[in-house]
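# Structural features, examined
In case you want the letters, here they are:
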Protein chains: 2
Amino acid sequence: MSKQLCLGGFMRPVCLHTAWWRHPSAPANANFHWPTIKSLAQKLENACFDAIFTADHLALMPMPPAALRRSATVTSYDPLVMLSAIAACTEHIGLIATGSTSYEDPYLLARRFASLDHLSNGRAGWNIVTTVNPEAARNFGLENALRHSDRYARAEEFFDVVTGLWDGWSDKALTMDKESGIFSDLEKIRPLNHKGEFFSVQGPLNIARPVQGWPVIALAGASEGARDLAARSADLVFGNARSLETAQQFYRDVKARARALGRNPDEIKILPACQVYVGATREEALAKKRYMDDLVHIESNIPNLSIRLGVDCSGFDPDQPLPELPVTEQGQGNQREWVALARREKLTVRELAKRAAESGTGELVGTAKEIADQMETWLMNEGCDGYIIVFHTVPDGYDDFITMVVPELQRRGLMRTQYEGNTLRENIGLPRPISPLDK
Amino acid sequence: MSKQLCLGGFMRPVCLHTAWWRHPSAPANANFHWPTIKSLAQKLENACFDAIFTADHLALMPMPPAALRRSATVTSYDPLVMLSAIAACTEHIGLIATGSTSYEDPYLLARRFASLDHLSNGRAGWNIVTTVNPEAARNFGLENALRHSDRYARAEEFFDVVTGLWDGWSDKALTMDKESGIFSDLEKIRPLNHKGEFFSVQGPLNIARPVQGWPVIALAGASEGARDLAARSADLVFGNARSLETAQQFYRDVKARARALGRNPDEIKILPACQVYVGATREEALAKKRYMDDLVHIESNIPNLSIRLGVDCSGFDPDQPLPELPVTEQGQGNQREWVALARREKLTVRELAKRAAESGTGELVGTAKEIADQMETWLMNEGCDGYIIVFHTVPDGYDDFITMVVPELQRRGLMRTQYEGNTLRENIGLPRPISPLDK
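Residues numbered from 1 in each chain as written. Chains lettered and ligands numbered in written order. Predicted model: local features only at pLDDT ≥ 70, side-chain atom pairs only at ≥ 80, totals over all residues. Heavy atoms only, no water.

### Thoughts on the packing of aromatic side chains
All names here are of chain B. By the definition in use, this model includes 32 aromatic pairs over all chains. Plain terms: the ring middles of Phe 53 and Phe 238 are 4.8 Å apart, the flat faces sit at 65 degrees to each other, and that makes the pair edge-to-face. Here the residue Phe 53 occupies a position in strand S2 (residues 51-54), and Phe 238 occupies one in strand S10 (residues 236-239), the gap between them amounting to 185 residues. Taking 5.9 Å as the distance between ring centres and 85 degrees as the angle between the ring planes, the aromatic pair formed by Phe 159 and Trp 214 counts as edge-to-face. With Phe 159 in helix H6 (residues 148-167) and Trp 214 in the loop between strand S8 (200-201) and strand S9 (216-220), this pair connects stretches of sequence that are 55 residues apart. The exposure class of Phe 159 is buried, given its relative accessible area of 5%. (Phe/Tyr/Trp six-rings, centres within 6.5 Å; stacked < 30°, edge-to-face > 60°. Helix = DSSP H or I, 4+ residues; strand = E, 2+ residues; numbered from the N terminus. Buried < 20%, exposed > 50% of the residue type's maximum accessible area, 1.4 Å probe, protein only.)

Below, the structure is given as structure tokens:
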């Protein structure tokens, strides 16, 4: 079989574009309206996506009120509740939920993902995050997030506890013999007896080994800590590259780290997130992007500019040039770059703020052919193993990609036309972990 | 409208009878086989049950290995994952999940139940438990469960945090005005800023106020602490009465406590759990019960006898009379009673163990008419407001009740023939809590 893209659809929130909900066709309540969510999930499955991806934030987003009140992110489903419901009305697509190693509990998390994996017949995935938002910390009894190194030390131990609990069940633990009345072989269900720096967990779980052995493990983040944890633990690594060159650097670095740990680098898939605007012509695609970006109110863009410049820009006149800035401790390097851009292109504050706010993910804008060309180039040249597709609005962004880009990718053999395997691991081409009890 | 029974169906585990899975018609894997769970849930909805109830244990059950290996409880879904999936393939039935105040986190729990409530369009319920099993404690970093008073103090604070988070959103918080681009009115989304003995939670939640205001609150337990918490907090109270007289004592006590706190006693519903065996004749029903009880191996019954007698009975010859017992510190009163029973009726150890193991819930055995008679008597005489029905096997226990008892109850006007309301609160006849922000 020729090389194929691994494709995830970013579904929580339903879109990342700040103004997605203002689009005339968009149901503004899509993030917590079940019929909409169900219909989007089924669209992605009909298009043969590998998985649905759901991000998470354990607090309101840390934005000033003027921006926050314009954000549809204030209300969304818990990812596992949402994916459990989606599991019941899909058959093939993978279901990847974000779960925080700083604020969730490992016994409960291991059991919930095992439950989702059984319920979906082997389609669950866990996206490990360490949660840096300080607002989240304050919802869990802390004043601030753990330091970076502590977060990753905790994440590593959390991962070991969760996978250790899954491994505490042999595949052959359940005999369910009606004649003798013996339901399980307790020799094949072992306690974990973990005592570590952060957790003390006896086990075993009270649910059988997941269908996939372990649900698929995903991880994002570009820091050293994140790359090391990904190389050791992840099946899928989410990236955020904006050029083939930076994508290749990330791709080769993560694969090299995995190889150095004795892993097969083909069994760790690199998937940058990418927001897509597609049109019948390049002009049409660009017009869609412009239309969406113009829907963003400057109050939503100003916080991004404040971050880039290291000063509060909320008092600036949006239709004047950038004023002279006070010198601050923070963000000097970035400030110089953004001030230079404003002067060079003679941008108003409004225009500069719009540039600063451009999607945090990579972007692809063009015809289906142009988009498929770039995807193919990246896939064939160590830029990526696939993408997490970010849609610009609901349902148009989903429909555009599915009706225009997917057929082009399928025509080139870069995407399946029907699911080959039964589980997410089988569809992505990942091995099934074996419990030590079965070795 | 005449007085009607409030009926819940006990679905996690699918049955409480130790031998349910050995019945010839039973799929032994029912507790973690999604097509079976889905079909049982839809049966209960078609029969117009008010709600599905799911219990939980955060560890393997504390039994000796000889009994544990015979128990189907070793593997079950997480209740919230299971009910989220059921929400997606039902439309009317309530969805009550057990959630522990000792080991869950209040921010995450509040968000998950709010998510289930939105996703199901107002059908979620939370059964508050404090989790006494010491095996569970050891899965969460503790050596033993908290003391009774601490468990209830924590439960009370946990409840206040969770409901406070739900109340932090006004019903009018979301404007979603595409024209102005304002999504929410932040004046109507307030932080909780809770700082208590057990929890420190800033809030607000990042999900809108639940459809029901608060999901329905349920609580079980006969202790003083449980009754007080129930009278203060619960909409549904699960009991476990074996005679009308003890049922009335419990019913009147809980309603009096609620009234003393200024609550309307009609808005707190008392639902004893009850295992049902129904047949075309009384003899047929009794034969079903005997058949099930005979399927229980003595190794499953011995632990119950050991508890009653306060000594380890696993070495006793099952087919001999009860030997002379050593005097122990523990359980003296109970021991005398059980020894007297054994001597009086000349029971073997096997026979005595079977008596000791009889279902922990109440039982109803008889024809549909006999069962409906008793239910009607209890309902009309302050014995209960309804029942949590426990089925003896899968699917026969479900089918028996639905095809024989439900029509008889409907004929008498004691049960609905179609759902009247949209939400669980509406169907049970409970008011919708108003947020302080909307008063």
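### Focus: the domain arrangement of chain A
All names here are of chain A. Under the domain assignment, chain A is made up of domain 1 (6-281 + 362-438) and domain 2 (297-356). Computed over C-alpha atoms only, the centres of domain 1 and domain 2 are separated by 34 Å. If you look at the interface, domain 1 gives 7 residues, while domain 2 gives 4 residues. Linking domain 1 to domain 2 there are 2 salt bridges. Run the count over domain 1 and domain 2 and you get 3 residue pairs in polar contact (both at pLDDT 80 or more). Of the residues belonging to the side of domain 1 that touches domain 2, the class tally is 3 nonpolar, 1 polar and 3 charged. (Domains from an automatic or database assignment. Contact = heavy atoms within 4.5 Å. Salt bridge = Lys/Arg side-chain N within 4 Å of Asp/Glu carboxyl O. Polar contact = N/O pair within 3.5 Å; in protein donor to acceptor, adjacent residues only side chain to side chain. Nonpolar A, V, L, I, M, F, W, Y, C, P; charged D, E, K, R; others polar.)

### Some words on the interface of chain A and chain B
Contact with chain A, which involves 73 residues of that partner, is made by 72 residues of chain B. In total, about 6300 Å² of surface goes out of reach between chain A and chain B, with carbon and sulfur atoms giving 58% of it. Among the residues of chain A in contact with chain B, Arg 112, Lys 178 and Phe 183 of chain A are the three that bury the most area, contributing 12% of the side total. Seen at the junction of chain A and chain B, the total is 10 salt bridges. Linking Arg 112 of chain B and Asp 78 of chain A is a salt bridge whose minimum nitrogen-to-oxygen distance equals 3.3 Å. Here chain A is connected to chain B by 48 residue pairs in polar contact (both at pLDDT 80 or more). Those elements that provide at least two residues to the side of chain A that touches chain B are helix H2 (65-68), helix H3 (79-87), helix H4 (106-119), strand S5 (174-177), strand S6 (182-184) and strand S8 (200-201) of chain A. (Buried area = accessible area lost by both parts, 1.4 Å probe.)

### Structural notes on the environment of Pro 106 of chain B
Residue and element names in this part refer to chain B. Within the secondary structure, Pro 106 sits in helix H4 (residues 106-119). For Pro 106, a relative accessible area of 1% translates into the label buried. Taking the C-alpha atoms as reference, Pro 106 lies 31 Å from Cys 384; in sequence the two are 278 residues apart. Ignoring any residue separated from it by four or fewer positions in sequence, one finds Pro 106 in contact with Phe 158, Val 161, Val 162, Leu 165, Phe 199 and Val 201.

### Observations regarding the pairing of strand S3 (residues 94-100) of chain B
Residue and element names in this part refer to chain B. Burial runs high along S3: 7 of the 7 residues are buried. With burial as the criterion, each face of S3 is covered, one bearing Gly 94, Ile 96, Thr 98 and Ser 100 and the other bearing Leu 95, Ala 97 and Gly 99. The pairing of S2 with S3 spans 4 bridges and is parallel. Across the sheet, Phe 53 pairs through a bridge with Ile 96, a residue of S3. (Pairing = 2+ DSSP bridges.)

### Regarding the packing of helix H13 (residues 368-380) of chain B against helix H14 (residues 396-411) of chain B
Residue and element names in this part refer to chain B. Here H13 crosses H14 at 50 degrees, and the two axes come no closer than 9 Å. When the interaxial angle is binned, H13 and H14 end up oblique. Judged by the twist between their axes, the crossing of H13 over H14 is right-handed. Contact with H13, carried on its side by Ala 368, Lys 369, Ile 371, Ala 372 and Met 375, involves Phe 401, Met 404, Val 405, Glu 408 and Leu 409 of H14 and no other residues of that element. Of the residues assigned to the contact of H13 with H14, the class counts are 8 nonpolar, no polar and 2 charged. (Axes fitted to C-alpha atoms, helices over the stretch in contact; angles between N-to-C directions. Parallel < 35°, antiparallel > 145°, perpendicular 65-115°, else oblique. Left-handed = near helix turned anticlockwise from the far one by under 90°.)

### Let's talk about the pairing of strand S4 (residues 124-129) of chain B
All names here are of chain B. Counting buried positions along S4 gives 5 out of 6 residues, so the element sits mostly inside the fold. Sheet topology note: the S3/S4 ladder contains 6 bridges and is parallel. By the bridge assignment, Thr 98 is partnered in S4 with Asn 127. Sheet topology note: the S4/S9 ladder contains 4 bridges and is parallel. Bridge pairing in S9 links Trp 126 to Ile 217.

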